[in-house]
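Geometric and topological summary
Take a look at the letters that make up each chain.
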Amino acid sequence: QKEVEQNSGPLSVPEGAIASLNCTYSDRGSQSFFWYRQYSGKSPELIMFIYSNGDKEDGRFTAQLNKASQYVSLLIRDSQPSDSATYLCAVNSGGSNYKLTFGKGTLLTVNP
Amino acid sequence: NAGVTQTPKFQVLKTGQSMTLQCAQDMNHNSMYWYRQDPGMGLRLIYYSASEGTTDKGEVPNGYNVSRLNKREFSLRLESAAPSQTSVYFCASSPRRDEQYFGPGTRLTVT
């Protein structure tokens, strides 16, 4: 059974701080990694994806991937109250697999 | 470009009633998916369609059927609703075997 694990939180950070969200996965053959943001009562929204080891930056967001440790993280710099949401990590094991395996999400609260 | 649309947004059913949830995408994506999301359980895949004309079971298919009507549309049917099917249902689509884009969801209550 392929698993994706996230700390459920809540993770609470002050406005302007760096929020660090972590995710581990069990399938060593996983090839594609995604971060979704879900506001309360809304649908998941894709914010980042990463395929290769290392860092990928997009504005205030940085995704980090370490395949050897089976670990992917999302850093949010200069956190804003509007970043308060649940963040879902998702993993695709590649090949002919059309499915994503989702973690249960981490609730982030950014305090003004 | 509306993306992924779902109807209805809300529905209340009595136990034993049937209904069909509709999903359409205008992004010319090949793959489409149906998920349910319950508190503490995360997103669970019900069925998916890798391409037009194919459907496959996901993690929790029991009590559901699907139809990939054409490339744009993928419907989910509950033949005899049960209270355990009370949930939020999301449809998603994907251009490849990678990132998925979600619709706004349907909130279903079965009494």
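In short, a report on the structure.

Turning to the environment of Tyr36 of chain A, a few remarks are in order. Residue placement: Tyr36 of chain A occurs in strand S4 (residues 32–38). A relative accessible area of 0% means that Tyr36 of chain A is categorised as buried. Here the alpha-carbon distance between Tyr36 of chain A and Ala90 of chain A, two residues 54 residues apart in the chain, equals 7.7 Å. A polar contact of 2.7 Å, which involves the side chain of Tyr36 of chain A, links it to the backbone oxygen of Gln100 of chain B.

Strands belonging to one sheet form pairs held by backbone hydrogen bonds; the direction of such a pair is parallel or antiparallel. Residue and element names in this part refer to chain A. Sheet architecture is open: five strands sit in the order S1-S3-S8-S7-S6, paired in antiparallel fashion. On the outer flanks of this sheet lie strand S1 (4–6) and strand S6 (54–58), each paired with one strand and no other. When strand polarity is set aside, the average angle formed by the axes of neighbouring strands in this sheet is 20°. Bridge count between S1 and strand S3 (residues 19–25): three bridges; the pairing is antiparallel. The residue of S3 that forms the bridge with Glu5 is Thr24.

We now examine the interface of chain B and chain A. Taken residue by residue, the interface counts 21 residues in chain B and 20 residues in chain A. Of the roughly 1700 Å² buried between chain B and chain A on both sides combined, carbon and sulfur atoms contribute 56%. The tally of links between chain B and chain A comes to zero salt bridges. For the side of chain B that touches chain A, the secondary structure elements donating two or more residues are strand S4 (31–38), strand S5 (42–49) and strand S10 (101–102) of chain B. Residues that form the side of chain B that touches chain A fall into these classes: 11 nonpolar, six polar and four charged.

Rules behind the numbers
Residues numbered from 1 in each chain as written. Chains lettered and ligands numbered in written order. Predicted model: local features only at pLDDT ≥ 70, side-chain atom pairs only at ≥ 80, totals over all residues. Heavy atoms only, no water. Helix = DSSP H or I, 4+ residues; strand = E, 2+ residues; numbered from the N terminus. Buried < 20%, exposed > 50% of the residue type's maximum accessible area, 1.4 Å probe, protein only. Polar contact = N/O pair within 3.5 Å; in protein donor to acceptor, adjacent residues only side chain to side chain. Pairing = 2+ DSSP bridges. Axes fitted to C-alpha atoms, helices over the stretch in contact; angles between N-to-C directions. Contact = heavy atoms within 4.5 Å. Buried area = accessible area lost by both parts, 1.4 Å probe. Salt bridge = Lys/Arg side-chain N within 4 Å of Asp/Glu carboxyl O. Nonpolar A, V, L, I, M, F, W, Y, C, P; charged D, E, K, R; others polar.

Without other data, these values stay purely geometric and don't point to any function.
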